[in-house]
Amino acid sequence: MTAAYKHLTSPASFITKYMEWCDASETPYSFDFWSAVFCVSAVLRRRCYVDRPGAPVWPNHYILLTAPPGVARKTTAVIRATEIVQWYASASKSNATLFSGSLTSSMLMKEMAVLSKEFGCSPLLLALPEVSRSFARNAARPTIAYLTDMFDTKEIERGGTKREGTYEIKKASINMLAASTPEWLGAFGGADADAGGFTSRCIVVREERPKRRIKWGEVPTQPDAAVVRSAIIDIDERLAQLERHEGACREVPIKATAAAIARYESYREASDTKLRSSEARHERHVLSVACVLACADLTFEIQEDHIINAIKAIELVTRDDPKRLEDDTSHNVNADVDRPIDKAWEKRIQIFTRIVKILKEAGKLGVQQQKMCIRLRHLTGAKDVRLVLKILLDYN
């Protein structure tokens, strides 16, 4: 948990007002900040883009709020953001469709095709208080694959089957705010999804505790949501003015100042050139978040402070990434990589690897504890199983 997020936006920004609105609750500052980013992205959709020559960036985000069950109020954060987005959609008569229940790739595809036919674009907003319930077990991987494919806001996508007919999706735009546990992220957002690029497209916000504890009998003062609602309408109205200036059916280019461009290029040069796949999109995330910050304070121009604060926001998210810690360990020059391994330890490592595989399969498939124990019984004793479980819990 960190209060650093409170210093990333100006007092006039929608994000600042949103975080002040959430200040009396238990949700962590990080969850408040990224929920506000989702709300702004819900307004922007494909209506504007970062005007980077040859490689425009759209301000859409897949945000995963991750914490152990019942600890950091991640579901509360998603529900609160959903209320603001629902109110905005009703007040502004937005053409975006909001999903908050069960999802399948077929369901998303059909809805986007309907929106494309009616409006010429297909904006979807996914607000998922419990992602494990929204992604059915037998449909989770196809849905993740579809979200991965659609993240880059394709101009047009055609496809279909003989059974269901053909479809055409125009100007795709999907924004997602979801709450998940580390276990779900490991099962469905792990190696397979990372290889396909899903986790690299996600901003994964990890927390282990709330920002404060509300005592028994305490009734926290909840600020009026009117300030937040007024602020999000201000963004929509200002963007509508710019749209009218650009002309019908034209997205608004969000330009950057010379100082902002210089700061961004400096960041790129300082970045490690050998990034692993889940870090490869950090530069894109920086620009999309900077765009959100610029629109949230109604400047609609990316300034140097927006780039600086976007870099800080992404670094705060990636700082405690377990995979980054694993990579740092694996590249330790002092590691005794050439030292021969004792045969007893080598056998134990092999057993541990099999135990981890069985436990992960049990978590994905919902295997009963008794059946799982039978599979483990011939491998090792209860002491080793407890040790493996402790390691898995410590490193999520």
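Bear in mind the structure is a predicted one, so any value in this text is a computation, not a measurement. Counting restarts for each chain: residues are numbered from 1 in the order of the written sequence. In keeping with the predicted nature of the model, local features appear solely for residues at pLDDT of at least 70, side-chain atom pairs appear and are counted solely at 80 or more, and the whole-chain, interface and lining totals rest on all residues. For side-chain calculations, the full set of non-hydrogen atoms in the structure is used, while hydrogens and water are omitted.

Student: Explain the overall build of the protein to me, please; I cannot follow it from the model alone.
Tutor: Helix and strand definitions follow DSSP, with helices as H or I runs of at least four residues and strands as E runs of at least two, each counted in order from the N terminus. Counting its secondary structure elements, the protein contains 17 helices and nine strands. Each residue is assigned to one of three classes by its accessible area relative to the maximum for its type, calculated with a 1.4 Å probe on protein chains only: buried under 20%, partly exposed between the two thresholds, exposed over 50%. Across the 396 residues of the protein, 48% fall into the buried class. The contact definition used throughout considers only heavy atoms, calling two residues in contact when any of these lie within 4.5 Å. Long-range pairs, those at least 24 residues apart, make up 77% of the contacts in the protein between residues at least 6 apart in sequence. Total accessible area on the protein is roughly 20700 Å²; 52% of this is exposed by carbon and sulfur atoms. With residues, only the protein chains shown are counted as cover, and all accessible areas are computed by Shrake-Rupley using a 1.4 Å probe.

Student: Teacher, can you tell me more about the sheet that holds strand β8 (residues 202-206) here?
Tutor: Sheet strands pair via backbone hydrogen bonds, and the direction of the pair is either parallel or antiparallel. Taking strand neighbours across the sheet as the criterion, the five strands line up as β3-β4-β7-β2-β8 in an open arrangement whose pairing is parallel. Two strands in the sheet have a free side with no partner beyond their single neighbour: β3 (97-99) and β8. Adjacent strand axes in the sheet meet at a mean angle of 10 degrees when their direction is disregarded. Only when DSSP finds a minimum of two bridges between them are two strands counted as paired. Across five bridges, strand β2 (residues 62-66) lies against β8 in parallel orientation. Within β8, the residue paired with Leu64 across the bridge is Val204. For helices, the fitted line uses only the C-alpha atoms of the stretch in contact; every axis is such a line through C-alpha atoms, and the angle between N-to-C directions lies from 0 to 180 degrees.

Student: How do you make sense of the packing of helix α11 (residues 258-270) against helix α12 (residues 282-296) when you look at a structure like this?
Tutor: Two quantities define a packed helix pair, namely the angle between the axes and the distance from one axis to the other. One can describe the packing of α11 onto α12 by two numbers: an axis separation of 11 Å at closest approach and a directional angle of 160 degrees. With respect to α12, the axis of α11 lies roughly antiparallel. Relative to α12, α11 is oriented so that their crossing is right-handed. On the side of α11, the interface is formed by Tyr264, Tyr267 and Arg268, while α12 contributes His282, Glu283, Val286 and Leu287. Amino acids outside the nonpolar list (Ala, Val, Leu, Ile, Met, Phe, Trp, Tyr, Cys, Pro) and the charged list (Asp, Glu, Lys, Arg) are all regarded as polar, and Gly is one of them. In terms of residue class, the contact of α11 with α12 is built from four nonpolar, one polar and two charged. In these notes the angle categories are as follows: under 35 degrees is roughly parallel, over 145 is roughly antiparallel, 65 to 115 is roughly perpendicular, and the rest is oblique. Crossing chirality is assigned from the near helix's rotation relative to the far helix, an anticlockwise turn below a right angle marking it left-handed and a clockwise turn marking it right-handed.

Student: What am I meant to see in the nonpolar core here?
Tutor: For soluble globular proteins, the rule of thumb is that nonpolar side chains tend to be buried together. Counting 72 residues, the largest nonpolar core has Phe14, Ile15, Tyr18, Phe33 and Trp34 as its most contacted members. Considering every element that reaches this core, the biggest residue donor is helix α2 (residues 29-44), with twelve residues. The contacts of Phe14, once residues within four sequence positions are left out, are Ala36, Cys39, Val40, Val228, Ala231, Ile232, Ile235 and Ala296. Side-chain atoms within 4.5 Å link the members of a nonpolar core, which is a set of buried Ala, Val, Leu, Ile, Met, Phe, Trp, Tyr and Cys residues. Core analysis: the second largest hydrophobic core is formed by 31 residues, Met109, Val131, Phe151 and Tyr167 among them.

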